[in-house]
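So the chains spell out like this:
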Amino acid sequence: MHQLSSKISRYCVEHEIIDQCDMSWFTYGIEKRISTITVAIPFILIAFLISDYRAALSFFCAYFFVKKHLGGFHAKTVWGCILLSLVSELIFLGIVCPALSPASILCIMGISLISVFCFAPYNHPDLHLADEEIVACKKSCRFRIVIAVAVTVLAYILKLQKVADGALVGIAMAVAMLYLGHINDWRNIHNENTRRFQEDR
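An account of the accompanying structure is given in this report. These numbers were taken from a predicted model, which means no experiment stands behind them.

Let's talk about the side chain of Ser58
Thought 1: By the element assignment, Ser58 lies in helix H3 (residues 53–67).
Thought 2: Polar side-chain contacts of Ser58 include one of 2.8 Å to the backbone oxygen of Val163.
Thought 3: There is a polar contact of 3.2 Å between the side chain of Ser58 and the backbone nitrogen of Ala167.
Thought 4: Aside from chain neighbours lying at most four places away, what touches Ser58 is Lys162, Val163, Gly166 and Ala167.

A closer look at the nonpolar core
Thought 1: Of all hydrophobic cores here, the largest spans 38 residues; its most connected members are Phe59 and Leu70.
Thought 2: Counting residues per element, this core draws most heavily on helix H7 (residues 161–200), at eleven residues.
Thought 3: Once residues within four sequence positions are removed from consideration, Leu70 is found in contact with Val116, Ala120, Pro121, Tyr122, Cys141, Ala174, Val175 and Leu178.

Some thoughts on the packing of helix H5 (residues 102–119) against helix H6 (residues 131–157)
Thought 1: For the pair H5 and H6, interaxial distance at closest approach is 9 Å and the crossing angle is 165 degrees. Classified by the angle between their axes, H5 and H6 sit roughly antiparallel to one another. Two packed elements cross with a definite hand, and for H5 against H6 that hand is left-handed. From H5, Ile105, Met109, Ser112, Leu113, Val116 and Phe117 reach across to H6, where they touch Cys141, Arg142, Ile145, Val146, Val149, Thr152, Val153 and Tyr156.

Section: the pattern of salt bridges
Opposite charge on two side chains makes pairing possible when the charged atoms of those side chains draw close.
Thought 1: A complete count under the given rule lists one salt bridge for this structure.
Thought 2: Across the salt bridge formed by Arg54 and Asp52, the nearest N and O atoms sit 2.9 Å from each other.
Thought 3: On the basis of relative accessible area, Arg54 is assigned to the partly exposed category, the value being 38%.

What counts and what doesn't
- Residues numbered from 1 in each chain as written.
- Predicted model: local features only at pLDDT ≥ 70, side-chain atom pairs only at ≥ 80, totals over all residues.
- Heavy atoms only, no water.
- Helix = DSSP H or I, 4+ residues; strand = E, 2+ residues; numbered from the N terminus.
- Polar contact = N/O pair within 3.5 Å; in protein donor to acceptor, adjacent residues only side chain to side chain.
- Contact = heavy atoms within 4.5 Å.
- Core = buried A, V, L, I, M, F, W, Y, C linked by side-chain atoms within 4.5 Å.
- Buried < 20%, exposed > 50% of the residue type's maximum accessible area, 1.4 Å probe, protein only.
- Axes fitted to C-alpha atoms, helices over the stretch in contact; angles between N-to-C directions.
- Parallel < 35°, antiparallel > 145°, perpendicular 65-115°, else oblique.
- Left-handed = near helix turned anticlockwise from the far one by under 90°.
- Salt bridge = Lys/Arg side-chain N within 4 Å of Asp/Glu carboxyl O.

Encoded structure:
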């Protein structure tokens, strides 16, 4: 996936479609769209197999709505992306969703709101977001999480249990991807500091 994205980006640079300085950002964007398309079909099929169709639909709507500017962990290969997405889907939609209780529902809503307000967006190293772009994404992330949680609460009030449960775990999965992105960055920083320390000894 990275090789294909890089080839497309180099072609665009060579033909002056994009600037050289935008190449890494453009490559990341292509990778993200390829991975989204690649994952979408098995993602949807498995969702309908392991869950009620109402929960599956609200799960996708909430996940993609919240994640639009949230960012998060991005696998380096297509197979890595597929594996991570399917495992996450099985955990959140197949295990967490049926086990939801009133206490866990409130807990997930609270953690999701706090997490997005404190840690979003995740600025992927290949994006190179400017300060103004980060501020704009932050506002968008906060708006979207508030709307998503409010709609989920409304669904619970209207006794649309399956719809609300699916939306809630969709929100939770988007927030989990946000955390995975930050954890991966912290791990890379730790590894780099360890390597430098060992070199200095």
